[in-house]
Amino acid sequence: TTVKVKVARYIFWFLTVAIMAGIFLASSQEAEVSSALSQSFIRTTLKLVVENFETLSEQQKFEIVDSLHTFVRKSAHFFIYLSLGACMFSALCTYGIKWAVRFLIGFPSCVIYSVSDEYHQTFVEGRSGNLADILLDSAGALVGILIVFICVLIWQECRTKGKKMRKKGLMKKL
């Protein structure tokens, strides 16, 4: 194993653990705190994106924020688990194991973490476990894994073609 591979491995495992810690911390927030943070994020984003947002009445602002609240929270589930799946699978790609084994370790690990996260939320004031969130998290992890899988295949194909072209003298050494 080269130094580059070891460094990449450590970085991807660090990111994987950091994402898991972030998920755990976010899930530890009571419902009111979590909801207030989401609403604050939406308001801040709308101030930056919608030119006249500040001129709207408080009722209009509330209605817009409220209408986006569920979408933003569900999107966060999907994308954080997409990131988790991508980082974990990237870390697994630094080992000399078959694609199927990488997938059979990576995807179930993300699903199990999602299940444990939803279970953890049942102990937090105002929160509950939700099967729909587990499915959304799992879909996000799967998409993250597939993105990495496709990117690695493309990278390997480009590397192979580059080597073949260099052998034939069609390309200078990269």
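Residues numbered from 1 in each chain as written. Predicted model: local features only at pLDDT ≥ 70, side-chain atom pairs only at ≥ 80, totals over all residues. Heavy atoms only, no water.

Visitor: What am I meant to see in the overall build of the protein chain here?
Guide: From N to C terminus, the protein chain includes five helices and zero strands. For the protein chain, the α and β elements follow one another from N to C terminus as α-α-α-α-α. In terms of C-alpha radius of gyration, the protein chain reaches 21 Å, well past the compact-globule figure of 16 Å for 174 residues. Principal-axis analysis of the C-alpha atoms gives the protein chain an extent of 70 × 40 × 25 Å. (Helix = DSSP H or I, 4+ residues; strand = E, 2+ residues; numbered from the N terminus. Rg over C-alpha atoms; globule rule 2.2 N^0.38 Å.)

Visitor: Any chance you could explain the packing of helix α1 (residues 3-27) against helix α4 (residues 99-121) here in plain terms?
Guide: When two helices pack together, their arrangement is given by the angle between the helix axes and the distance between those axes. As a packed pair, α1 and α4 sit with axes 9 Å apart at the nearest point and diverge in direction by 20 degrees. Considering the angle they form, α1 stands roughly parallel to α4. When the axes of α1 and α4 are compared, the crossing they make is right-handed. Facing α1, whose interface residues are M20, A21, I23, F24 and S27, α4 presents Y113, D117, H120 and Q121. Here the residues of the contact of α1 with α4 sort into five nonpolar, three polar and one charged. (Axes fitted to C-alpha atoms, helices over the stretch in contact; angles between N-to-C directions. Parallel < 35°, antiparallel > 145°, perpendicular 65-115°, else oblique. Left-handed = near helix turned anticlockwise from the far one by under 90°. Contact = heavy atoms within 4.5 Å. Nonpolar A, V, L, I, M, F, W, Y, C, P; charged D, E, K, R; others polar.)

Visitor: Hey, could you run me through the packing of aromatic side chains in this one?
Guide: Between two aromatic rings, the relevant description is the distance of the centres plus the angle of the planes. Considering all chains together, one arrives at five aromatic pairs under this definition. Between F103 and F107, the aromatic rings sit 5.4 Å apart at their centres with planes inclined by 10 degrees, giving stacked as the arrangement. On the criterion of helical spacing, the pair formed by F103 and F107 is a turn pair, its members being four residues apart in helix α4. A cation over a ring is seen here: R9 above Y95, with NZ or CZ 3.9 Å from the ring centre. Between R102 and the ring centre of W99, over which it is positioned, the NZ or CZ distance is 4.3 Å. (Phe/Tyr/Trp six-rings, centres within 6.5 Å; stacked < 30°, edge-to-face > 60°. Lys NZ or Arg CZ within 6 Å of the ring centre and 35° of its normal.)

Visitor: Whenever I open this one, a nonpolar patch on the surface confuses me. Can you help?
Guide: A contiguous nonpolar surface patch, about 530 Å² in accessible area, is contributed by F103, L104, L142, L146, I150 and I154. Among the elements of the structure, α4 and α5 (131-167) are those that each provide at least two residues to the nonpolar patch. Residue contributions to the nonpolar patch peak at four residues, all from α5. Tracing the backbone shows I154 in helix α5. (Patch = residues over 30% accessible without salt bridge, like charges linked within 9 Å, V, L, I, M, F, W, Y side chains within 5 Å. Areas by Shrake-Rupley, 256 points an atom, 1.4 Å probe, with all protein chains shown as cover. Salt bridge = Lys/Arg side-chain N within 4 Å of Asp/Glu carboxyl O.)

Visitor: Would you mind showing me how to read the environment of V65 here?
Guide: Within the secondary structure layout, V65 lies in helix α3 (residues 58-92). The exposure class assigned to V65 is buried, which follows from its relative accessible area of 3%. Taking C-alpha positions, V65 is 9.5 Å from F41, a pair spaced 24 residues apart along the chain. (Buried < 20%, exposed > 50% of the residue type's maximum accessible area, 1.4 Å probe, protein only.)

Visitor: What exactly am I supposed to notice about the pattern of salt bridges here?
Guide: A side chain with one charge may pair with a side chain of the opposite charge, provided their charged atoms come close. Throughout the structure, instances matching the rule amount to five salt bridges. Among the ionic pairs, R43 bridges to E58, the shortest N-O distance being 3.7 Å. Of this pair, R43 sits in helix α2 (residues 31-49) while E58 sits in helix α3, and the two are 15 residues apart along the sequence. Given a relative accessible area of 51%, E58 falls into the exposed group.

Visitor: Help me out: how do you make sense of the nonpolar core in this one?
Guide: A general trend in soluble globular proteins is that nonpolar side chains are found buried together. If you look at the biggest cluster of nonpolar residues, it comprises ten residues: I19, I23, Y81, L84, C87, M88, L92, C110, Y113 and A141. When residues of this core are assigned to their parent elements, the largest contribution, five residues, is made by α3. When near neighbours in sequence (up to four residues on either side) are disregarded, Y113 contacts M20, A21, I23, F24, Y81 and L84. In terms of nonpolar packing, the next biggest core, distinct from the first, is built from six residues, A86, I145, V148 and V152 among them. (Core = buried A, V, L, I, M, F, W, Y, C linked by side-chain atoms within 4.5 Å.)

Visitor: Where do I start with the side chain of S27 in this structure?
Guide: Among the structural elements, S27 can be located in helix α1. Judged by relative accessible area, which is 4%, S27 ranks as buried. Filtering out sequence-adjacent residues up to four positions away, S27 remains in contact with D117, H120, Q121, V124 and R127.

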